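# Residue-level structure breakdown
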Amino acid sequence: MSGARLLFATTGEPAYDQRMQRICTTLAGAGHEVCLLGRRRKNAPDLSAQPYEQVRLRCFFEKGKLFYLEFNLRLLFYLLFRRFDALCAVDLDTIGPCFLAAKAKGRPLVYDAHEYFTEVPEVVGRPLVKRAWEMLAAALLPRLRYACTVGPALAEVLGNRYGIRFDTFRNVPWSSDAPPSLPDNRPFFLYQGVLNEGRCLERAILAMHRVQGAELWLAGEGDLSEGLRRLCEREGLSDRVRFLGYLSPDELRALSPRAFLGLNLLENKGLSYYFSLANKFFDYLQAGVPSVSPDFPEYRAVLADHEVGWLLGDDDGSPESLADFLNARLADPAERARKSANCFRYRELFCWENESGRLLLFWGKVLEKKS
């Protein structure tokens, strides 16, 4: 396969979507003309140079039903007047216009499920919204031939639900040859990612009341950004918790190795989180930083064979129990050092170079008629 025009549509911000950056870079390196379509948020950063085209659609609305309606209409009109040999809808919130445009042009459509969209906490707690997305998925996904997702457990669940095959490309970073780095003199726990519901962020902040000699650093923004900042002020924790805002992938790679451990905590608020295999889990690993993850199937499977972190399976989910766990880690730097050494030992297993070959084979099947 060579020389195809590939369009990827997402409601995310191209500057921060590392999974899409890796996919688009790999396909562009294979000789394809690739375009990543995303959204332009307020105060969005300038886009860095990439080996593929980047387009951000500007919307008047930032969130909610009106945003999805506006973005989908803008995306549909954009796609109808652009040439492409294959189209990829990233998550369910872009599937409608992508399906219509692909049908209108007689081109193959790929569905890339970064999550179990109808089972994310923001949807699970809203029955009417959940039902609407479920109806859309049930109407369109069984009619697709090509689909992929981020982990084998989720691939099995989605495949059984919609009756189609989901290939798997894990959300792992490019390999790193960075040497080991000691944690900062004043240790900090790092969370990187969106500040959204179900990430145990309130719990982590409140736990800092009982954690001595360390800080919590949050790299990212999201729906809870303002509320979490107010919580810190109200609890008198502004000197113990740092909000770093959005960081570029390069900035994250420079920061992560300095952390004492990485936080990858999730509440069991829907099947999307339960079957997740988050990119941050592997980002921490590549940085040589052991992390704490929920006792969910994918993390349990990795940590059973590779001791690169801890599972936290406590039932009460209280800030006090998390504080006890973090204090125990601070009290045993030798254990942290051993797990950090394992991160370096195994990072060649969990890198994008091992996924990119499968990605190219997958897209070869998508484009075989064109070839």
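Everything below is about the structure printed above this text.
Residues numbered from 1 in each chain as written. Predicted model: local features only at pLDDT ≥ 70, side-chain atom pairs only at ≥ 80, totals over all residues. Heavy atoms only, no water.

## A word on helix α11 (residues 279-286)
The criterion, for reference: Burial classes follow relative accessibility: with a 1.4 Å probe on protein chains only, a residue under 20% of its type's maximum area counts as buried, one over 50% as exposed, and anything between as partly exposed. Helix and strand assignments follow DSSP, with helices taken as H or I runs no shorter than four residues and strands as E runs no shorter than two, numbered in order from the N terminus.
Taking burial as the measure, the eight residues of α11 include seven buried ones, the bulk of the element. Considered for burial, the residues of α11 that qualify are Lys280, Phe281, Phe282, Asp283, Tyr284, Leu285 and Gln286. Immediately downstream of α11, the backbone of glycine 288 shows phi near 80 degrees, a positive value.

## What to know about the environment of proline 121
Note the following rule: Here, residues are in contact when the closest pair of their heavy atoms is within 4.5 Å.
Tracing the sequence through the fold places proline 121 in helix α4 (residues 121-124). According to the relative accessible area criterion, proline 121 is buried, its value standing at 5%. Those residues in contact with proline 121 that sit more than four places away from it in its chain are Glu197, Lys269 and Tyr273.

## Some details on the layout of surface pockets
The probe, sized like a water molecule, is rolled over the atoms to show the empty space still left. The condition that has to hold: Buriedness for pockets is judged along seven lines, at least five of which must meet protein on both sides within 12 Å for an open set on the 1 Å grid over protein atoms alone, while cavities are sets there where a 1.4 Å probe fits but cannot get out, and lining residues have an atom within 4 Å of a point. Grid points are joined across faces, edges and corners, and a volume is the space filled by probe spheres set on the points. Here the term charged refers only to Asp, Glu, Lys and Arg, the term nonpolar to Ala, Val, Leu, Ile, Met, Phe, Trp, Tyr, Cys and Pro, and the term polar to all other amino acids, Gly among them.
Considered as a void within the structure, the second largest pocket measures approximately 530 Å³ in volume. Gln18, Gln21, Pro249, Asp250 and Arg253 are, among the 29 residues lining the second largest pocket, the residues nearest its centre. Counting residues per element, the ones that place at least two in the lining of the second largest pocket are α1 (18-29), α9 (249-255) and α11. The class makeup of the residues in the lining of the second largest pocket is 12 nonpolar, 11 polar and six charged.

## Observations regarding the sheet that holds strand β11 (residues 261-263)
This is how it is decided: A pair of strands is labelled paired if DSSP reports no fewer than 2 bridges between them. Helix axes are fitted to C-alpha atoms over the stretch in contact, other axes to C-alpha atoms as well, and angles between N-to-C directions run from 0 to 180 degrees.
The parallel open sheet is built from six strands, whose spatial order is β10-β9-β8-β11-β12-β13. Of all strands in the sheet, those bounded by a partner on one side alone are β10 (241-245) and β13 (309-312). Each neighbouring strand pair of the sheet contributes to a mean axis angle of 25 degrees, computed without reference to strand direction. The pairing of strand β9 (residues 215-219) with β10 spans four bridges and is classified as parallel. What sits directly across from leucine 218, in β10, is phenylalanine 243.

## Side note on the packing of aromatic side chains
Basically, it comes down to this: Working definition: rings of Phe, Tyr and Trp (its six-membered ring) pair if their centres are within 6.5 Å, and the pair is stacked with planes under 30 degrees apart, edge-to-face with planes over 60 apart, and tilted otherwise.
The final tally for this structure, using the stated rule, is 19 aromatic pairs. For the pair tyrosine 68 and tryptophan 133, a centre-to-centre distance of 5.7 Å together with 80 degrees between the ring planes defines the contact as edge-to-face. Taken as a pair, tyrosine 68 in helix α2 (residues 64-80) and tryptophan 133 in helix α5 (residues 127-140) lie far apart in primary sequence, 65 residues in all. When its relative accessible area of 30% is taken as the criterion, tyrosine 68 is described as partly exposed. On the accessibility criterion, tryptophan 133 (15% relative accessible area) is buried. Summarising the aromatic geometry, the rings of phenylalanine 169 and phenylalanine 362 are spaced 5.4 Å apart at their centres and angled 70 degrees between planes, so their arrangement reads as edge-to-face. Here phenylalanine 169 is found in the loop between β7 (167-168) and β8 (188-192), whereas its partner phenylalanine 362 is found in helix α15 (residues 352-366), with 193 residues between them in sequence.

## Focus: the packing of α2 against helix α3 (residues 95-105)
Heads up, the rule is: Oblique is the label for any angle not covered by the other classes, which are roughly parallel (under 35 degrees), roughly antiparallel (over 145) and roughly perpendicular (65 to 115). Helix crossings fall into two classes, left-handed where the near helix is turned counterclockwise from the far one by less than a right angle and right-handed where it is turned clockwise.
Running from amino to carboxyl end, α2 crosses α3 at an angle of 20 degrees, the nearest separation of the two axes being 9 Å. Here α2 lies roughly parallel to α3, going by the angle between them. In this structure, the crossing between α2 and α3 has a hand that is right-handed. Every residue of α3 that contacts α2 at Asn72, Leu75, Leu76, Leu79 and Leu80 is listed here: Pro97, Cys98, Leu100, Ala101, Ala104 and Lys105. Residues of the contact of α2 with α3, tallied by class, amount to nine nonpolar, one polar and one charged.

## Details of the nonpolar core
The condition that has to hold: Here the nonpolar core consists of buried residues drawn from Ala, Val, Leu, Ile, Met, Phe, Trp, Tyr and Cys, with membership extended through side-chain atoms lying within 4.5 Å.
One finds Leu79, Leu87, Ile95, Leu109 and Tyr111 to be the most contacted residues of the largest nonpolar core, which totals 44 residues. Not counting residues within four places of it along the chain, the set of residues in contact with tyrosine 111 comprises Ala89, Asp91, Leu92, Ile95, Leu141, Leu144, Tyr146, Ala147, Cys148 and Phe166. Listed in part, the 40 residues of the second largest apolar core include Cys24, Cys88, Val302 and Val366.

Geometric values such as these leave the question of function open.
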